[in-house]
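What the coordinates show
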Amino acid sequence: MREVDVIVLGGGIVGITAAIYLRMSGRDVLVVERGRPGDEASRGNAGVLTREDLLPFSIPDDPLRLMGAVFNASSRFRYDPRILSRLLSWAGRLCEVSERDNGMRYATAIASLQRTAIFEHKALAKRASAERFFRPSGWIKLYRSDAGLEELDMELHFARIFGTTYEDLDESRLCELEPDLYAGDFSRALFFPESLSVSSPGGLTKAYARHLRDVGGVVETGDARSLARSSGRWAVNTLTGKVCADNIVVSLGAWSSQVLEPLGIQFPLMASRGYYRHFRPVDGVNLRRPIHDVEQGYMLSPMERGLRLTTGHEFTGVEAKAETAQLRRNVKAARKVFPLGPEIEEELCFAARPLLPDSLPVVGLAPGHKGLWLNFGHAGHGFTTAPATAVLLAQLMNDEEPFTDPSPLSPLRFGL
């Protein structure tokens with residue numbers, strides 16, 4: 001049986017960056033992934049490294065939006081009726097968190113992660129020769145109604161507190177930034193210039209994985225569900241044989257429960273699925289940066305493969321069959337505000353976002369399980385915050401002073 005210092009379960013951007021920073025601290029690291037690094041949730045996002053998403057996930061409180069969500073008529077939210085009981089239980093936990101917290105706890109924690117993450121992404125991309133994927137484009141959020149503007153007021157409140165730069169756009173300025181966007185459907189638009197965009201999220205994750213190998217880390221195909229204790233150590237099966245280590249890191253995103261529940265560890269983890277499609281650019285038409293139609297839930301982002309449309313939230317099981325109703329609604333809405341070309345023929349693509357009731361990830365040691373470390377639950381911010389939680393995890397594992405207060409991310413907050 002082979003031995004390493006640390007086994008990281010999960011080859012998405014969260015697992016790969018965790019392995020890189022552990023390797024940089026001198027650890028012998030093996031990543032176990034069932035497919036190729038970056039081929040699942042890490043490639044299926046809008047490719048925005050945000051500096052201003054300071055609001056946790058919330059249930060709509062506007063009556064019309066809430067009714068739309070309940071009857072699966074919303075473009076922003078959808079749920080699988082087969083998981084309704086579990087979803088209601090999870091929503092109850094979310095409401096409990098919202099009643100205790102006015103949003104400051106979340107905003108403080110996520111702002112610290114975002115600041116560190118942008119810095120670490122830039123440094124890591126330079127070391128990995130992956131700077132070509134990054135664009136200093138910023139992004140634009142678009143709002144349609146009074147209900148959406150109420151959410152915006154809270155977001156700007158935290159933006160001012162944490163020093164996030166933004167520009168409130170009038171119609172002429174919006175047309176200057178995005179001349180091919182039809183601005184008439186929107187009552188307000190905000191430009192966030194500090195955020196970066198990425199031309200290929202999957203490509204960037206693969207570049208980071210190559211860098212991990214270059215610095216001495218190993219990535220192998222294996223089954224994370226084979227995790228077990230063996231002679232006082234953790235062991236996992238890979239295609240090249242069983243590997244054991246004193247420390248294991250669970251970075252499996254929405255699939256983390258499949259490994260943890262057999263060990264008696266249960267988190268209130270919900271899978272929020274997002275679908276994405278690519279469209280060919282229309283001749284003479286250009287989208288310069290990602291745009292987010294907040295109330296419709298979709299985003300449009302210029303990518304290497306064309307214009308990518310990503311949908312809002314679909315609450316379902318991680319292995320559930322694809323359901324295209326929400327995607328169709330989002331495509332219809334997007335075509336009314338931007339001249340999308342024809343769809344690029346490809347397999348229907350989607351990604352599962354791991355969402356906990358307080359919208360923050362779990363980073364730290366699992367109580368009662370020696371050497372079992374957790375790093376998952378990044379919600380829709382995993383692509384942004386992965387390097388920051390990687391730094392924090394390495395500091396905690398090496399008993400170093402953490403760069404930020406780790407208590408908001410502690411596994412203990414769920415009463416384990």
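Our subject is the structure that appears above.
Residues numbered from 1 in each chain as written. Predicted model: local features only at pLDDT ≥ 70, side-chain atom pairs only at ≥ 80, totals over all residues. Heavy atoms only, no water.

This part is about the overall build of the protein chain. Scanning the protein chain from terminus to terminus reveals 10 helices and 20 strands. Against the globule reference of 22 Å for 416 residues, the protein chain gives a C-alpha radius of gyration of 21 Å, in line with a compact fold. Considering only C-alpha atoms, the protein chain reaches an extent of 65 × 45 × 40 Å along its principal axes. A total of 416 residues make up the protein chain; the buried ones form 60% of that total. Long-range pairs, those at least 24 residues apart, make up 78% of the contacts in the protein chain between residues at least 6 apart in sequence. As displayed, the protein chain offers around 17200 Å² of accessible surface, 51% of which is attributable to carbon and sulfur atoms. Considering the protein chain, the positive charge centre built from 49 side chains and the negative charge centre built from 51 side chains are found 5 Å apart. (Helix = DSSP H or I, 4+ residues; strand = E, 2+ residues; numbered from the N terminus. Rg over C-alpha atoms; globule rule 2.2 N^0.38 Å. Buried < 20%, exposed > 50% of the residue type's maximum accessible area, 1.4 Å probe, protein only. Contact = heavy atoms within 4.5 Å. Areas by Shrake-Rupley, 256 points an atom, 1.4 Å probe, with all protein chains shown as cover. Lys, Arg positive; Asp, Glu negative; His and termini not counted. Charge placed at Lys NZ, Arg CZ, Asp CG, Glu CD.)

Okay, the packing of helix 1 (residues 13-24) against helix 7 (residues 201-214) next. Between helix 1 and helix 7, the shortest axis-to-axis distance is 9 Å and the interhelical angle comes to 25 degrees. With respect to helix 7, the axis of helix 1 lies roughly parallel. Considering the relative orientation of helix 1 and helix 7, their crossing is left-handed. Here I13, I16, T17, A19, I20 and R23 of helix 1 come into contact with helix 7, specifically with T205, Y208, A209, H211 and L212. (Axes fitted to C-alpha atoms, helices over the stretch in contact; angles between N-to-C directions. Parallel < 35°, antiparallel > 145°, perpendicular 65-115°, else oblique. Left-handed = near helix turned anticlockwise from the far one by under 90°.)

Attention shifts here to empty space enclosed by the protein. Within the structure shown, the criterion is met by one cavity of 30 Å³ or more. Quantified by volume, the largest cavity comes out at close to 40 Å³. Along the walls of the largest cavity sit S256, S257, L260, E261, I265, Q266, F267, L269 and F376, which together make up its complete lining. In terms of residue count, helix 8 (residues 256-260) provides more of the lining of the largest cavity than any other element does, three residues in total. (1 Å grid on protein atoms, 1.4 Å probe; cavity = no way out; pocket = protein on both sides within 12 Å on 5 of 7 lines; lining within 4 Å. Points joined across faces, edges and corners; volume = space filled by probe spheres on them.)

Before going further, it helps to spend a moment on the environment of I59. Note that I59 resides in the loop between strand 3 (48-49) and helix 2 (63-70). Between the C-alpha atom of I59 and that of F77, which follows or precedes it by 18 residues, the distance is 9.5 Å.

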